[in-house]
Amino acid sequence: MKIGVYNSLVDKKRNGKKSFAILLDPDKVDDGALNNVIRLAVESKADYIFVGGSLVVTDHLDGCIIAIKKQTDIPLLLFPGSPSQISKYADALLYLSLISGRNPELLIGQHVISAPFVKKSGLEIISTGYMVVDGGAPTTVSYISNATPIPSDKADIALCTAMAGEMLGMKLIYMDAGSGAKKAIHEEMIYSVAQNIDVPLIVGGGIRDAEKAYLNCKAGADVIVVGNAIEKDPSLISEIAAAIHSVPVKV
Ligand code: 1GP
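Residues numbered from 1 in each chain as written. Predicted model: local features only at pLDDT ≥ 70, side-chain atom pairs only at ≥ 80, totals over all residues. Heavy atoms only, no water.

Participant: Lay out the overall build of the protein with the relevant residues and their values.
Facilitator: In terms of helices and strands, the protein carries 10 helices and eight strands. In terms of overall size, the protein behaves like a compact globule, its C-alpha atoms giving a radius of gyration of 16 Å where 251 residues would be expected to give roughly 18 Å. For the protein, the spread of C-alpha atoms along the three principal axes comes to 45 × 45 × 35 Å. For the protein, the proportion of its 251 residues judged to be buried stands at 54%. (Helix = DSSP H or I, 4+ residues; strand = E, 2+ residues; numbered from the N terminus. Rg over C-alpha atoms; globule rule 2.2 N^0.38 Å. Buried < 20%, exposed > 50% of the residue type's maximum accessible area, 1.4 Å probe, protein only.)

Participant: Please provide a residue-by-residue account of the site of the ligand, values included.
Facilitator: In the neighbourhood of the ligand, 13 residues make up the surrounding shell, with Asp-176, Ser-179, Gly-180, Gly-206 and Gly-227 lying closest. Gly-206 places a polar main-chain atom, nitrogen or oxygen, 2.8 Å from an oxygen atom of the ligand. At 2.8 Å, a backbone N or O of Asn-228 approaches an oxygen atom of the ligand. Looking at the shell around the ligand residue by residue, the classes come out as four nonpolar, eight polar and one charged. (Near = heavy atom within 4 Å. Polar contact = N/O pair within 3.5 Å; in protein donor to acceptor, adjacent residues only side chain to side chain. Nonpolar A, V, L, I, M, F, W, Y, C, P; charged D, E, K, R; others polar.)

Participant: Requested: an account of the nonpolar core, with residues and values cited.
Facilitator: Counting residues in each nonpolar core, the largest one holds 88 residues, and the members touching the most others are Phe-20 and Phe-50. Beyond its immediate sequence surroundings of up to four residues, Phe-20 is in contact with Ala-46, Asp-47, Tyr-48, Ile-224, Val-226, Ile-230, Ile-237, Ile-240, Ala-241, Ile-244 and His-245. (Core = buried A, V, L, I, M, F, W, Y, C linked by side-chain atoms within 4.5 Å. Contact = heavy atoms within 4.5 Å.)

Participant: Tell me what's going on with the environment of Ala-90, and back it up with residues and numbers.
Facilitator: Of note, Ala-90 is situated in the loop between strand E3 (76-78) and strand E4 (92-98). Measuring from C-alpha to C-alpha, the distance between Ala-90 and Gly-101 comes to 27 Å, with 11 residues separating the pair along the chain. Not counting chain neighbours up to four residues away, the residues in contact with Ala-90 comprise Ile-65, Leu-76, Leu-78 and Leu-123.

Participant: Can you explain the pattern of salt bridges? Please cite residues and give values.
Facilitator: Applying the stated criterion across every chain, the model contains eight salt bridges. Linking Asp-222 and Lys-18 is a salt bridge whose minimum nitrogen-to-oxygen distance equals 3.9 Å. Remark: Lys-18 occurs in the loop between helix H1 (4-14) and strand E1 (19-24) and Asp-222 occurs in the loop between helix H8 (210-219) and strand E8 (223-226); sequence separation between them is 204 residues. The same class applies to Asp-222 and to Lys-18, which are both buried. Lys-69 is the partner of Asp-91 in a salt bridge, and the nearest nitrogen-oxygen pair spans 2.6 Å. Here Asp-91 is found in the loop between E3 and E4, whereas its partner Lys-69 is found in helix H3 (residues 61-71), with 22 residues between them in sequence. Assessed through its relative accessible area of 26%, Asp-91 is described here as partly exposed. Salt bridges linked by common partners bring Lys-13, Lys-18 and Asp-222 together as one network. (Salt bridge = Lys/Arg side-chain N within 4 Å of Asp/Glu carboxyl O.)

Participant: Tell me about the environment of Cys-64, and please be specific about residues and values.
Facilitator: Here Cys-64 shows up in helix H3. For the pair Cys-64 and Val-141, spaced 77 residues apart in sequence, the C-alpha separation works out to 22 Å. Apart from residues lying up to four places away in sequence, Cys-64 is in contact with Pro-26, Val-29 and Leu-34.

Participant: Help me get a handle on the packing of helix H7 (residues 187-196) against H8, residues and values and all.
Facilitator: The contact between H7 and H8 brings their axes to 8 Å, and the two run at 30 degrees. Considering the angle they form, H7 stands roughly parallel to H8. Considering only the axes of H7 and H8, their crossing is right-handed. Seen from H7, the contacting residues are Glu-187, Ile-190, Tyr-191 and Ala-194; seen from H8, they are Lys-212, Leu-215, Asn-216 and Ala-219. (Axes fitted to C-alpha atoms, helices over the stretch in contact; angles between N-to-C directions. Parallel < 35°, antiparallel > 145°, perpendicular 65-115°, else oblique. Left-handed = near helix turned anticlockwise from the far one by under 90°.)

Participant: Can you explain the pairing of strand E6 (residues 172-176)? Please cite residues and give values.
Facilitator: Among the five residues in E6, five count as buried, and that is most of the element. As paired strands, E6 and strand E7 (residues 201-204) are joined by four bridges and run parallel to one another. Residue pairing in the sheet places Tyr-174 in a bridge with Ile-202 of E7. Once the chain exits E6 it traverses H7 before rejoining the sheet at E7, and the crossover so formed is right-handed. (Pairing = 2+ DSSP bridges. Right-handed = clockwise from strand over helix to strand, strands pointing away.)

Written out as structure tokens, the structure is:
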């Protein structure tokens with residue numbers, strides 16, 4: 001099994017370096033927009049590209065990934081909303097289990113059905129404890145997952161969920177307020193989780209500016225994911241990347 005992308009995440013965490021992941025939804029980017037985002041991602045030294053979404057309704061996934069890979073070798077991770085969103089052209093797969101919910105299909109059911117197909121893909125598989133946190137209004141992920149998000153002011157639930165995920169063997173924890181969330185996850189919750197786990201912590205959902213990205217990193221996020229805000233204004237890429245990369249390295 002390949003381990004290159006995961007090793008890079010662990011190395012960066014060990015060295016206190018924060019990372020920026022740009023989320024691209026294959027349904028929402030045309031070729032022109034994609035080329036522009038990738039150019040800006042390369043210029044601003046974005047660390048990762050995530051591709052996927054809770055509801056991908058077109059069949060652009062392979063084409064979108066091939067187009068990205070032609071332009072950059074920034075590691076590309078699949079962030080799938082369903083087992084159908086698998087592409088062998090990616091570098092790795094965030095193999096998500098929705099540990100904040102109690103929907104057995106998203107905890108293990110869909111994984112069982114798709115396991116042979118996922119294994120055959122040859123992708124680096126990164127088991128990821130996926131935690132949806134209330135972002136102030138229903139998001140696509142909260143609706144589609146048919147699972148109650150963690151209340152935004154219940155840091156103790158979030159930290160116990162993340163600890164359980166890590167002890168069950170998840171190699172990453174991803175806290176997500178959902179794409180386009182009204183409210184991003186509060187730093188207090190990020191801090192509580194980060195203090196209690198050793199695996200890298202990804203945070204996303206509703207992050208719209210460089211300041212929020214910086215504060216989330218200071219609170220303990222290792223990777224910040226931004227999708228919606230960049231779709232609306234790709235010029236944010238360079239500011240957000242600069243803010244994340246300016247977080248002082250802890251010694
Ligand atoms: C959503 O964490 C991602 O799953 C990113 O959210 O699109 O709101 O940036 P945004």
